[in-house]
Amino acid sequence: MTDPIADYLTRVRNAIQARHKVVNIPASHIKKEITKTLMDKGYILNYSFEDTNDSSLQSKHQGNIKIALKYDERTKQPAITKLERISKPGLRKYANSNNLPRVLNGLGIAILSTSKGIITDKEARRDSVGGEVLCFIY
């Protein structure tokens, strides 16, 4: 797999489109941090990290992420309406601290990979730090 973040976003997007309550995704450190950010900003209900116990798979597989998706109780609309990958392996997109993107005029979030870890655009503005723009979520 050449782009694990795009695979992560596609699995979540497909699960939302199929109205699933839970989605399982192969884990990596960056995917775990993106999941924590989605939970902090209220886009998902809950998550859990499941480690594999098989020692033969331990070197290749870091476990699974189980994400409980969030839907509105009355309208049954998902909390995430769009997931968009910005920086791709073939064309990386970077933003400095003066030129950070705004998603839907501040209603959505941009997730960035910075020297301070995986953070949102608002946190990057506050800390005046730039980095690679991974994705837009709204």
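Here the structure is a predicted model, which is why all the values come from computation and not from measurement.

1. Description of the packing of aromatic side chains
Counting across every chain of the model gives 1 aromatic pair. Consider the rings of Tyr 47 and Phe 49, whose centres lie 5.1 Å apart with planes at 45°: the pair is tilted. The class of Tyr 47 is partly exposed, set by a relative accessible area of 26%. Relative accessible area serves as the criterion here: at 31%, Phe 49 is assigned to the partly exposed category.

2. Side note on helix H1 (residues 4-17)
Taking 1.5 Å of rise per residue, 14 residues should cover 20 Å, and H1 covers 20 Å from first to last C-alpha, within 8% of that figure. Taken together, the buried positions of H1 are Ile 5, Asp 7, Tyr 8, Leu 9, Val 12, Ala 15 and Ile 16. Looking at the packing, one finds that the buried side of H1 touches strand E1 (22-26), helix H2 (29-40), strand E3 (64-69), strand E4 (83-85) and strand E8 (131-137). Once H1 ends, the next one or two residues include Arg 19, with phi positive near 60°.

3. Here we look at the side chain of Thr 114
By the secondary structure assignment, Thr 114 is in strand E6 (residues 109-114). In this structure Thr 114 comes out as buried when scored by relative accessible area, which is 13%. A distance of 3.1 Å separates the side chain of Thr 114 from the backbone nitrogen of Lys 116, its partner in a polar contact. Polar side-chain contacts of Thr 114 include one of 2.8 Å to the backbone oxygen of Gly 117. Excluding its chain neighbours within four sequence positions, the residues that come into contact with Thr 114 are Ile 119, Val 129, Gly 130 and Gly 131.

4. A short note on the nonpolar core
Val 12, Ile 67 and Ile 137 are the most contacted members of the largest nonpolar core, which has 24 residues in total. For this core, the elements supplying multiple residues, two or more each, are H1, E1, H2, E3, E6 and E8. The element that contributes the greatest number of residues to this core is H1, accounting for 6 residues. In contact with Ile 137, other than residues within four places in its own chain, are Leu 38, Tyr 43, Ile 80, Lys 82, Leu 83, Val 103, Gly 108, Ile 109 and Ile 111. Counting residues in each nonpolar core, the second largest holds 11 residues, with Ile 86, Val 103, Ile 119 and Val 133 among its members.

5. Remarks on the environment of Glu 50
Within the secondary structure layout, Glu 50 lies in strand E2 (residues 44-50). There is a polar contact of 3.5 Å between the side chain of Glu 50 and the side chain of Lys 66.

6. Quick notes on the pattern of salt bridges
Scanning the entire structure with this criterion turns up 8 salt bridges. Between Arg 11 and Asp 7 there is a salt bridge, with the nearest N and O atoms lying 3.0 Å from each other. Within this pair, Arg 11 and its partner Asp 7 are both found in helix H1, separated by 4 residues, close to a single helical turn. For Arg 125, the salt bridge goes to Asp 121, with nearest N and O atoms at 3.7 Å. Of this pair, Arg 125 and Asp 121 are both found in helix H3 (residues 121-127), 4 residues apart, which corresponds to roughly one turn of the helix. Looking at Arg 125, the relative accessible area reads 33%, which means it is partly exposed.

7. Quick notes on the sheet that holds E3
Across the sheet, 3 strands lie side by side as E1-E3-E2; this open sheet has antiparallel pairing. Two strands close off the open sheet at either side, each with one partner strand: E1 and E2. Taking the axes of each pair of neighbouring strands and ignoring which way they run, one obtains an average angle of 20° across the sheet. By the bridge criterion, 5 bridges tie E1 to E3 in an arrangement that is antiparallel. What sits directly across from Val 23, in E3, is Ile 67. Sheet contacts for H1: E1 and E3; angle to E1, the most-contacted strand, approximately 165°. With respect to the sheet, H2 is in contact with E1, E2 and E3, its orientation differing from that of E2 by roughly 155°.

The rules behind each value
Residues numbered from 1 in each chain as written. Predicted model: local features only at pLDDT ≥ 70, side-chain atom pairs only at ≥ 80, totals over all residues. Heavy atoms only, no water. Phe/Tyr/Trp six-rings, centres within 6.5 Å; stacked < 30°, edge-to-face > 60°. Buried < 20%, exposed > 50% of the residue type's maximum accessible area, 1.4 Å probe, protein only. Helix = DSSP H or I, 4+ residues; strand = E, 2+ residues; numbered from the N terminus. Expected span 1.5 Å × (residues − 1). Contact = heavy atoms within 4.5 Å. Polar contact = N/O pair within 3.5 Å; in protein donor to acceptor, adjacent residues only side chain to side chain. Core = buried A, V, L, I, M, F, W, Y, C linked by side-chain atoms within 4.5 Å. Salt bridge = Lys/Arg side-chain N within 4 Å of Asp/Glu carboxyl O. Pairing = 2+ DSSP bridges. Axes fitted to C-alpha atoms, helices over the stretch in contact; angles between N-to-C directions.

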